[in-house]
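Here is what each chain is made of, one letter per residue.
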Amino acid sequence: MLAEQRQAIADLIREALATLCAAPPDIELQRPKVAAHGDLSCTVALQLAKQLGRPARELASVIVAALRANRRADPWIESIEIAGPGFINLRLTKALKQQVLGEILRAGHAFGSGHEGGNRPVVIEFVSANPTGPLHLGHARQAALGDALANVLAARGWAVQREFYYNDAGAQIELLANSVQARAQQLQGRQIDDSRIGYQGEYIVEIARQFLSGATVRARDGAQVKASGDPDDSMSVRRFAVASLRHQQDLDLEAIGVRFDHFFLESSLYQDGSVEETVQGLIKSGLTFESEGALWLRTTQASVASGGGHEISDDKDRVVRKSDGTYTYFVPDVAYHLAKFERGFTRAINVQGSDHHGTVARVRAGLQILARTLGLPIPPGYPEYLLHKMVRVTRGGEEVKMSKRAGTYVALRDLVDWVGRDATRFFLVSRKSDSEFTFDVDLALSHSEENPVYYIQYAHARICSVLAQAAEQAVAPLDEAAAQRVDPAPLVAARELALLARLAEYPDILREAASDLAPHQLAFYLKDLAADLHAFYNAERILVDDPSLRAARLVLLMATRQVLRNGLALIGVTAPDRM
């Protein structure tokens, strides 16, 4: 419901508590899980029972009696019931529910926005693929989840930066260069050892072919990376292969409609001395030790915050520097997150696959050890993590396991090519991130109510059709100023009230999605909103003869169209006028 309405009702309940002479707790107003239980539910009686030593239902009776006696509650509360051990369930007045129309029309695309973020900076890192191949399904899910989460947080007042982290300093880059070089030599007719080709797929052959032709690739910074054409020129092969794949990943991201504000190179952490400084800071902590020629860090002695709000420790100590003198991935990971904090991001969120679960405690532990050594106020739960499970793809009833483009896996671009950007983005956001998910290509292409994308977009198109028909008939003023003057009082039918109540939930849904790092809640909401719209449309005529009722119903459609547009835009899905 609207924030000011929630506050007003909470204030009325707080007044009612005065008769109990109790220190009033925070008044929490929840939406009941079962609609038949009312519009709002309050647990304040249960909260006070232990404090006052009285049964919760008895306290609830006192609170309800005070609310009913308060005439100032009449415009807000239609009825009150006590349920179970002491829940107070409230039904709101029709006039209060109707107020949401004016709020939506006045706010327009900003309806649902909030200010919890206070314009504080937050960096969201997602996708972060090595430049060694096309983006795969895990990257696709990260792209959809990360971008939707960034949009939701921005809508709730956070100053969001989207960041892509390139692991461009490891052995995988060497493997890529060797693979391209071997393919290029093979294209020249040379005999090569197949073990040199670590990366398979058509894309490696295509890069090798372009390299031999002396092609040029434009890097993201605008520089030109030209192939020497000599497959024995290892350095040129490496530069060209990495530039080519970074360019290809840019095209993949463009295809799914995701943009980044900043790209961060792992190699820069070595070049500017950050990795070495991190190691020295860890040594200075006194928690490192030597064993079998390697340098270790006692991460088990650093208690850090878990995602569940309790303290955990790493399950084992971690190697910092291997016996061959090279650093493990743990070191640049810690250096990178230290750099995030020092760049002013006191809040950082990482969207990663569930296979990164083991890195959560060790990265936080390393940061906390550094924070104490360097005197930095890094929060114990820094960074936050949104971990997701992988995606299976079915087509024609069978699982698709690879594509010709990637060689060994289904690529992000395959999904977009098969079902389009809208379906790709919506489907990948439509489940909890930690749940298993099967992407059904046939369902994503179907024109049925089982396809949530079609179902929601059709709701928007249906509204546009009715409004266009009303405009042709000139039966009611449809501009925003005129719409705000329309009296919503005639909207009292059951389907109308249900739709009004659903519209009023939208700001709460965004607030919860931002708080819980759960963009799937928005996808769930949009499907429910579409269902309420279709139910209203099927139950009631819109262009009725009664001018007051007709105008009110048209305004209800206009408000619903606005919220559908707002929500779809946050997920990155279009809102078509026709289908």
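Model, not experiment: these values are computed from the prediction. (Residues numbered from 1 in each chain as written. Predicted model: local features only at pLDDT ≥ 70, side-chain atom pairs only at ≥ 80, totals over all residues. Heavy atoms only, no water.)

What to know about the overall build of the protein chain
Test applied: Per the convention used, a helix needs a DSSP run of H or I reaching at least four residues, while a strand needs a run of E reaching at least two, with both numbered from the N terminus. Burial status follows relative accessibility: with a 1.4 Å probe on protein chains alone, a residue under 20% of its type maximum counts as buried, one over 50% as exposed, and anything between as partly exposed. Residue contacts are defined here by distance: any two heavy atoms, one from each residue, within 4.5 Å place the two residues in contact. When charges are counted, Lys and Arg are positive and Asp and Glu negative, with His and the chain ends excluded. By convention, the charge on Lys lies at NZ, on Arg at CZ, on Asp at CG and on Glu at CD.
Counting its regular elements, the protein chain contains 20 helices and 19 strands. Across its three principal axes, the protein chain shows a C-alpha extent of roughly 85 × 65 × 40 Å. Within the protein chain, the fraction of its 579 residues that count as buried is 53%. Taking as baseline every contact in the protein chain between residues at least 6 positions apart, the subset at least 24 positions apart corresponds to 70%. Where the 64 positive side-chain charges of the protein chain centre and where its 70 negative ones centre are 2 Å apart.

Some thoughts on the environment of S113
Going by this rule: Distance and chemistry together define a polar contact, namely a pair of N or O atoms within 3.5 Å, with one atom able to donate a hydrogen and the other to accept it when in protein, and with adjacent residues in sequence counting only for side-chain atoms on both sides.
In this structure, S113 sits in the loop between α4 (94-107) and β5 (121-125). The spatial distance from the C-alpha of S113 to the C-alpha of A10 is 21 Å, given a sequence separation of 103 residues. Within the structure, S113 has its side chain in polar contact with the backbone oxygen of A110 (distance 2.9 Å).

Some remarks on the pattern of salt bridges
This is how it is decided: Should a side-chain nitrogen of Lys or Arg be within 4 Å of a carboxyl oxygen of Asp or Glu, the pair is scored as a salt bridge.
Under the defined criterion, the tally for this structure stands at 34 salt bridges. The partner of E163 in a salt bridge is R343, and the shortest N-O contact between them spans 2.5 Å. Pair noted here: E163 is in strand β6 (residues 159-166) and R343 is in the loop between α11 (330-342) and β15 (348-353), with a separation of 180 residues, a long-range link. The class of E163 is buried, set by a relative accessible area of 0%. Between E540 and R553 there is a salt bridge, and its shortest N-O distance comes to 3.1 Å. Highlighted residues: E540 in the loop between α19 (520-539) and α20 (547-571) and R553 in helix α20, separated in sequence by 13 residues. Taking relative accessible area as the criterion, E540 reaches 22% and is therefore assigned partly exposed. Assessed through its relative accessible area of 6%, R553 is described here as buried. Here the residues in one salt-bridge network are R6, R31, R502, E505, D508, R511, E512, D528 and D532, joined through shared partners.

Notes on the sheet that holds strand β14 (residues 318-321)
The strands making up a sheet associate through hydrogen bonds between their backbones, and the pairing can be parallel or antiparallel. For the record, the criterion: For two strands to be treated as a pair, DSSP must find at least two bridges joining them. Axis definition: a line fitted to C-alpha atoms, limited for helices to the stretch in contact. Angles are taken between N-to-C directions and run from 0 to 180 degrees.
With antiparallel pairing, the three strands of this open sheet are ordered in space as β10-β11-β14. Because the sheet does not close on itself, it has two edges, and the strands there are β10 (288-291) and β14. Neighbour-to-neighbour, the strand axes of this sheet turn through a mean angle of 40°, independent of strand direction. As defined by bridge partners, strand β11 (residues 294-297) adjoins β14 across three bridges and the pair is classed as antiparallel. Considered in β14, the bridge of L295 is made with R321.

Let's talk about the sheet that holds strand β19 (residues 437-440)
Read from one edge of the open sheet, three strands run β18-β17-β19, paired in mixed fashion. With partners counted over all chains shown, the strands left at the sheet margins are β18 (398-400) and β19, one partner each. If you compare each strand with its neighbour and ignore which way they point, the axes differ by 40° on average. Of the strands in this sheet, β17 (391-395) and β19 touch helix α14 (residues 421-429), which is tilted by about 160° from β19.

Regarding the packing of aromatic side chains
Selection criterion: Only centres within 6.5 Å qualify two rings of Phe, Tyr or Trp (six-membered ring in Trp) as a pair; their planes then separate them into stacked at under 30 degrees, edge-to-face at over 60, and tilted for everything else.
Taken as a whole, this structure holds 17 aromatic pairs when the rule is applied. Where F126 meets F260, the ring centres are 4.6 Å apart and the plane angle is 40°; that geometry is what we call tilted. Here F126, found in the loop between β5 and α5 (137-155), pairs with F260, found in the loop between α8 (234-256) and β9 (262-265); they are 134 residues apart in sequence, far enough to count as distant. For F126, a relative accessible area of 0% corresponds to the buried category. With a centroid separation of 4.1 Å and an interplanar angle of 15°, the aromatic rings of Y165 and Y336 are classed as stacked.

Observations regarding the packing of α5 against helix α18 (residues 494-515)
We count it as follows: Angle categories: roughly parallel below 35 degrees, roughly antiparallel above 145, roughly perpendicular from 65 to 115, and oblique for all the rest. For any helix crossing, the convention is left-handed if the near helix is rotated counterclockwise from the far helix by under a right angle, and right-handed if that rotation is clockwise. All residues other than Ala, Val, Leu, Ile, Met, Phe, Trp, Tyr, Cys, Pro, Asp, Glu, Lys and Arg, Gly among them, are scored as polar; the first ten of these are nonpolar and the last four charged.
Two elements in contact, α5 and α18, have axes separated by 9 Å at closest approach and are oriented at 120°. Put simply, α5 runs oblique to α18. Relative to α18, the crossing made by α5 is left-handed. Together, L149, V152 and L153 of α5 and L510, A513 and A514 of α18 make up the contact between the two elements. Each residue belonging to the contact of α5 with α18 can be placed in one class, and the counts come to six nonpolar, no polar and no charged.

Some words on the side chain of S244
Within the secondary structure layout, S244 lies in helix α8. According to the relative accessible area criterion, S244 is buried, its value standing at 9%. Those residues in contact with S244 that lie beyond four places of it in its chain are I207 and V217.

Thoughts on the pairing of β10
For β10 and β11, the ladder comprises four bridges, and the chain directions are antiparallel. From the neighbouring strand, T288 faces β11, where its bridge partner is L297. In sequence, β10 turns back onto β11 through a hairpin of two residues, with E292 there showing a positive phi of about 55°.

Some words on the nonpolar core
Going by this rule: In this text, buried Ala, Val, Leu, Ile, Met, Phe, Trp, Tyr and Cys residues form a nonpolar core when linked through side-chain atoms within 4.5 Å.
Counting 97 residues, the largest nonpolar core has L101, I124, V127, F439 and L503 as its most contacted members. At 13 residues, α20 tops the list of elements feeding residues into this core. Each residue touching V127, except ones within four places of it in the same chain, is listed here: L135, H139, Q142, A143, F164, L253, F260 and V351. In this structure, L269, L287, F345 and I378 belong to the second largest nonpolar core, which totals 34 residues.

Comments concerning a negative patch on the surface
Applicable threshold: Patches draw on residues past 30% relative accessible area with no salt bridge. Two like charges within 9 Å are joined, as are two nonpolar side chains (Val, Leu, Ile, Met, Phe, Trp, Tyr) within 5 Å. Each accessible area value is a Shrake-Rupley result obtained with a 1.4 Å probe; residue values ignore everything except the protein chains displayed when judging cover.
Residues D272, E276, E277 and E342 make up a contiguous surface patch of negative charge. Assignment of secondary structure puts E342 in helix α11.

Comments concerning unusual backbone geometry
With an omega of -5°, the peptide bond running from Y382 to P383 counts as cis. Inspection of the secondary structure puts P383 in the loop between α12 (357-374) and β16 (384-388). One non-glycine residue, L517, adopts positive backbone phi at about 50°. Mapped onto the secondary structure, L517 falls in the loop between α18 and α19. Using a relative accessible area of 10% as the deciding quantity, one classes L517 as buried.

So, the environment of D528
For D528, the location among the structural elements is in helix α19. You can call D528 partly exposed: its relative accessible area is 36%. Expressed as a C-alpha distance, the spacing of D528 and R502, which sit 26 residues apart in the sequence, is 8.0 Å.

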